[in-house]
Amino acid sequence: MTKIAQARRTGRIRRHRRVRKKIHGTATRPRLAVFRSNKHLSVQVIDDDAGTTVAAASTTETDLRSAGNGGSVEAATRVGTLVAERAKAAGVDKVVFDRGGFAYHGRIAAVASAAREAGLEF
């Protein structure tokens, strides 16, 4: 890993730790955590009190993988809609958004807006 890549990774991890000091998912309002890589996107609805994942969606799933590139805003929109549907099926209406230290822009913002449109309340 180059020095620049290492500095970016370290900065993201520091931002994520800072955000996680303030955000905590409960059973009534779990945490919607987003992880972004260059090729894929992973989203989980997590109850931190119980330590369980309520719902999850990722671009590595076969149905989303066949739909096209996993590193695009369109893929992020599909993942946001899917995780919101799965969370609603599990009985979750309200969540706390955890951007994972990533900037609220592009794919991260697309996940949030798609989840809002699908019925999750932030």
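Check the entry above for the structure.
Residues numbered from 1 in each chain as written. Predicted model: local features only at pLDDT ≥ 70, side-chain atom pairs only at ≥ 80, totals over all residues. Heavy atoms only, no water.

A.B. asks: Can you tell me about the side chain of D98, naming the residues and giving the values?
C.D. replies: With respect to the helices and strands, the residue D98 is situated in strand β4 (residues 96-98). What makes D98 buried here is its relative accessible area of 1%. (Helix = DSSP H or I, 4+ residues; strand = E, 2+ residues; numbered from the N terminus. Buried < 20%, exposed > 50% of the residue type's maximum accessible area, 1.4 Å probe, protein only.)

A.B. asks: Could you give an account of the pairing of strand β3 (residues 52-58), naming the residues involved and the relevant values?
C.D. replies: Within a regular strand, side chains alternate between the sheet's two faces. With 6 bridges connecting them, strand β2 (residues 41-47) and β3 associate as antiparallel partners. For Q44, the partnering residue across the bridge sits in β3 and is A56. What sits between β2 and β3 in their antiparallel hairpin is a turn of 4 residues, with G51 showing a positive phi close to 75 degrees. (Pairing = 2+ DSSP bridges.)

A.B. asks: Outline helix α4 (residues 107-117), supporting the account with residue identities and numerical values.
C.D. replies: Among the 11 residues that make up α4, 8 are buried, leaving the element largely enclosed by the rest of the structure. Contacts made by the buried residues of α4 are with β1 (31-36), β2, α3 (73-89) and β4. The first or second residue beyond α4 is G119, which carries a positive phi of 120 degrees. (Contact = heavy atoms within 4.5 Å.)

A.B. asks: I'd like to hear about the layout of surface pockets, residue by residue, with values.
C.D. replies: Any empty space left between the atoms is revealed when a probe the size of a water molecule rolls over them. When its volume is computed, the largest pocket comes out at roughly 260 Å³. As for the largest pocket, its lining consists of R9, R12, F35, R36, S37, N38 and F102. Among the residues forming the lining of the largest pocket, the class breakdown is 2 nonpolar, 2 polar and 3 charged. (1 Å grid on protein atoms, 1.4 Å probe; cavity = no way out; pocket = protein on both sides within 12 Å on 5 of 7 lines; lining within 4 Å. Points joined across faces, edges and corners; volume = space filled by probe spheres on them. Nonpolar A, V, L, I, M, F, W, Y, C, P; charged D, E, K, R; others polar.)

A.B. asks: Describe a positive patch on the surface, with residues and values.
C.D. replies: The grouping of R14, R15, R18, K21 and K22 at the surface amounts to a positive patch. Position of R14 among the secondary structure elements: in helix α1 (residues 3-22). (Patch = residues over 30% accessible without salt bridge, like charges linked within 9 Å, V, L, I, M, F, W, Y side chains within 5 Å. Areas by Shrake-Rupley, 256 points an atom, 1.4 Å probe, with all protein chains shown as cover. Salt bridge = Lys/Arg side-chain N within 4 Å of Asp/Glu carboxyl O. Lys, Arg positive; Asp, Glu negative; His and termini not counted. Charge placed at Lys NZ, Arg CZ, Asp CG, Glu CD.)

A.B. asks: Any details on the sheet that holds β1? Residues and values, ideally.
C.D. replies: If you walk across this open sheet you meet the 4 strands as β3-β2-β1-β4, and the pairing is mixed. Of all strands in the sheet, those bounded by a partner on one side alone are β3 and β4. For this sheet the average axis-to-axis angle between neighbouring strands, irrespective of direction, equals 20 degrees. As defined by bridge partners, β1 adjoins β4 across 3 bridges and the pair is classed as parallel. Bridge pairing in β4 places L32 opposite F97. Across the sheet, α3 touches β1, β2 and β3, and the angle it forms with β3 is around 150 degrees. In the packing of α4 onto the sheet, the strands contacted are β1, β2 and β4, and the crossing angle to β1 comes to about 145 degrees. (Axes fitted to C-alpha atoms, helices over the stretch in contact; angles between N-to-C directions.)

A.B. asks: Describe the pattern of salt bridges, naming the residues involved and giving the relevant values.
C.D. replies: This model, assessed by the stated rule, comprises 5 salt bridges. Among the ionic pairs, R20 bridges to D48, the shortest N-O distance being 3.7 Å. With R20 in helix α1 and D48 in the loop between β2 and β3, this residue pair connects regions lying 28 residues apart in the sequence. Residue classification places R20 among the partly exposed positions, given a relative accessible area of 28%. Given a relative accessible area of 19%, D48 falls into the buried group. Measuring nitrogen to oxygen at the nearest pair gives 2.9 Å for the salt bridge that ties D48 to R31. Separated by 17 residues along the polypeptide, D48 in the loop between β2 and β3 and R31 in strand β1 bring together distant segments of the chain.

Scope: geometric values only; no functional claims are made or implied.
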